[in-house]
Amino acid sequence: MKKIALSIVFGALMTASLAAYNPPAGGESLFNLSSPKNLSGGATAAGGPIFSATADSLNVNPALTGREQRVALNAGYTALFSSESKNESNFGSAAQLGILIPTRYFVFSGYTNGTFIDFYEMHVGNSFNARAGLAKEIMENLVIGLSANGGFAWGHDSDWLLGANVGALYTLGDLGFLKDFRIGASVLNLGKNYKDLKLFGMDATESISDFPTFLTLKGGVAASVFRNDTLDIAVAADVTTPFFQNIILDFAAGVAIKDMVFVNVMETVNFREIANSHKMFIPAIGVSFKFDLNFHGNSYAEKNDWADSEMVVSGAFKTMYDSVYAVSGGADLYLGKEDTDAPEIHLFGDDED
């Protein structure tokens, strides 16, 4: 009898929470809108199809940066356009800056984001957000991470955000024809999120619920399905459940050519948004180019082993909804070269050159 009563209470609570779930369309991806990589599937819970980790990886899984060896600077900007005649302005934007700093004990990442989108069909408003995280490889195959974030929103009344996020990344290695098989998981938005704002939810007839949603669980896998000296073809899939009130599926595919040109394609299925007529069935696409930078002759760069560095320039296009389109660009500067050489071990009695 007690079990039956508990089941009834639990079911009633879940029904009530489902009825109350009404974030703005696009509210669950608020922190990802300014990143061409995040928009196009280059970053998922397991690090994207072709693994990549920069400061904005904090938004999906704070553990992703735990193996990074170089200082990295990140910048991104997204312009959004709406064809909806109800809007006073048909232009919105989002911008970001980030930094990643490896230390002896952990990898630190910091990230700031500003979002200014006042569309009727994607009414996330104006906000400034900041995030900082630490990640560390605690075992050969396991990385963990945590981050804290805060923010302030204005323009449609004002509100603030303060929360924490945790994540893990486990690398299984090669499984048959699957190479670099990875599993990622994160728990996001643990704290107070935006709610006391006069915005339109995805169901415009109801008041908005908090967004991004408290206790959002995210999990995913990624692996290469074909790899040779020229090509690396990989896939990734994520499942996201905002407090068990919605299911969001992400399917991404990536191709790396000579580790210099990268193409990502991602399809997102947000079931609650689709049920409220906010459709987005056209896959996002992103393209990145990596090239070397030469800082030889710069004494400061040479002193810090940054004379040989790399930059990745990215662009992405995504149809957010039937009438909203996003064009995004960004750059990541990696200071120094990644150390890919195994350490040399000399035993007693060995001759050394």
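Heads up: the structure comes first, above all this text.
What you are looking at is a predicted structure, and each value in this text was computed from that prediction instead of being measured.

Asker: Describe the overall build of the chain, naming the residues involved and giving the relevant values.
Answerer: In terms of regular secondary structure, the chain is built from 4 helices and 14 strands. Residues counted as buried form 48% of the 353 residues belonging to the chain. Nonlocal contacts in the chain, meaning residues at least 24 apart in sequence, comprise 59% of its contacts between residues at least 6 apart. Here the chain displays about 17,300 Å² of accessible surface, and carbon together with sulfur accounts for 64% of that area.

Asker: Tell me about the nonpolar core, and please be specific about residues and values.
Answerer: Among the nonpolar cores identified, the biggest contains 23 residues, and Leu-80, Met-122 and Met-320 are the most heavily contacted of them. When residues of this core are traced back to their parent elements, those giving at least two are β3 (107–119), β4 (122–137), β13 (308–321) and β14 (324–335). Discounting residues that sit within four places of it in the chain, Met-122 has contacts with Ala-25, Gly-26, Leu-33, Leu-80, Ile-117, Met-320, Tyr-321 and Val-324. In terms of nonpolar packing, the next biggest core, distinct from the first, is built from 12 residues, Ala-46, Leu-169, Ala-236 and Ala-252 among them.

Asker: I'd like to hear about the pattern of salt bridges, residue by residue, with values.
Answerer: Within this structure, the stated rule accounts for 10 salt bridges. Its salt-bridge partner being Glu-137, residue Arg-67 comes within 3.0 Å of it at the nearest N-O pair. Here Glu-137 lies in strand β4 and Arg-67 lies in the loop between α2 (36–39) and β1 (71–82), a separation of 70 residues in the sequence. Judged by relative accessible area, which is 29%, Arg-67 ranks as partly exposed. Ionic pairing is found between Asp-238 and Lys-218, a salt bridge with its closest N-O pair at 3.6 Å. Linking Asp-238 in strand β9 (residues 231–242) with Lys-218 in strand β8 (residues 216–227), this pair joins segments that are 20 residues apart in sequence. Residue Asp-238 is classed as buried on the basis of its relative accessible area of 2%.

Asker: Quick rundown of the side chain of Glu-121? Include the residues and the values.
Answerer: Among the structural elements, Glu-121 can be located in the loop between β3 and β4. Buried within the structure, Glu-121 lacks any salt-bridge partner; its nearest side chain of opposite charge belongs to Lys-86, at an N-O separation of 8.5 Å. Within polar-contact distance, the side chain of Glu-121 engages the side chain of Ser-82 at 2.6 Å. In this structure the side chain of Glu-121 is engaged in a polar contact, spanning 2.7 Å, whose partner is the side chain of Ser-323. Sequence-distant contacts of Glu-121, that is, excluding residues within four places in its chain, are made with Ala-25, Ser-82, Glu-84, Asn-87, His-278, Tyr-321, Ser-323 and Val-324.

Asker: Before we move on, could you go through the layout of surface pockets and cite the residues and values that matter?
Answerer: The volume enclosed by the largest pocket comes to roughly 1,100 Å³. In the lining of the largest pocket, the residues fall into 15 nonpolar, 15 polar and 16 charged. In this structure, the second largest pocket spans a volume of roughly 170 Å³. Surrounding the second largest pocket, Lys-86, Asn-87, Glu-88, Ser-89, Asp-118, Phe-119, Tyr-120, His-123 and Phe-200 form its lining. Taken together, the residues that form the lining of the second largest pocket break down as 3 nonpolar, 3 polar and 3 charged.

Asker: Give me empty space enclosed by the protein: which residues, what numbers.
Answerer: All told, the structure shown has 2 cavities of 30 Å³ or more when counted by the stated rule. When its volume is computed, the largest cavity comes out at roughly 500 Å³. Mapped by element, the contributors of at least two residues to the lining of the largest cavity are α2, β7 (178–192), β8, β9, β10 (248–257), β11 (261–270) and β13. Taken together, the residues of the lining of the largest cavity sort by class into 14 nonpolar, 13 polar and 7 charged. Empty space within the second largest cavity amounts to approximately 50 Å³. As for the second largest cavity, its lining consists of Ser-35, Pro-36, Lys-37, Asp-56, Asn-74, Ala-75, Gly-76, Gln-96, Ser-314, Gly-330, Ala-331 and Asp-332. When residues of the lining of the second largest cavity are traced back to their parent elements, those giving at least two are α2, β1 and β14. By residue class, the composition of the lining of the second largest cavity is 3 nonpolar, 6 polar and 3 charged.

Asker: Describe the environment of Leu-30, listing the residues and the values that go with them.
Answerer: Mapped onto the secondary structure, Leu-30 falls in the loop between α1 (2–20) and α2. On the accessibility criterion, Leu-30 (0% relative accessible area) is buried. Separated by 182 residues in the primary sequence, Leu-30 and Pro-212 place their C-alpha atoms 7.0 Å from one another. Once residues lying within four places of it in the same chain are set aside, the contact partners of Leu-30 are Asn-113, Thr-115, Val-124, Ser-127, Asn-129, Tyr-194, Phe-211 and Pro-212.

Asker: Provide a residue-level description of the pairing of β3, including the pertinent values.
Answerer: Two strands pair when backbone bridges link them, and strand β2 (residues 91–102) and β3 are joined in this way by 10 bridges, in the antiparallel orientation. In the sheet register, Pro-102 faces β3, and the bridge partner there is Val-107. If you look at the hairpin formed by β2 and β3, you'll find 4 residues sitting between the two strands. Inspection of the sheet shows β3 paired to β4 by 12 bridges, in the antiparallel sense. Looking across to β4, one finds that Phe-119 is bridged to Met-122. Adjacent in sequence and paired antiparallel, β3 and β4 are bridged by 2 residues.

About the thresholds
- Residues numbered from 1 in each chain as written.
- Predicted model: local features only at pLDDT ≥ 70, side-chain atom pairs only at ≥ 80, totals over all residues.
- Heavy atoms only, no water.
- Helix = DSSP H or I, 4+ residues; strand = E, 2+ residues; numbered from the N terminus.
- Buried < 20%, exposed > 50% of the residue type's maximum accessible area, 1.4 Å probe, protein only.
- Contact = heavy atoms within 4.5 Å.
- Areas by Shrake-Rupley, 256 points an atom, 1.4 Å probe, with all protein chains shown as cover.
- Core = buried A, V, L, I, M, F, W, Y, C linked by side-chain atoms within 4.5 Å.
- Salt bridge = Lys/Arg side-chain N within 4 Å of Asp/Glu carboxyl O.
- Lys, Arg positive; Asp, Glu negative; His and termini not counted.
- Polar contact = N/O pair within 3.5 Å; in protein donor to acceptor, adjacent residues only side chain to side chain.
- 1 Å grid on protein atoms, 1.4 Å probe; cavity = no way out; pocket = protein on both sides within 12 Å on 5 of 7 lines; lining within 4 Å.
- Points joined across faces, edges and corners; volume = space filled by probe spheres on them.
- Nonpolar A, V, L, I, M, F, W, Y, C, P; charged D, E, K, R; others polar.
- Pairing = 2+ DSSP bridges.

Geometric descriptors of this kind do not, in isolation, establish any biological role.
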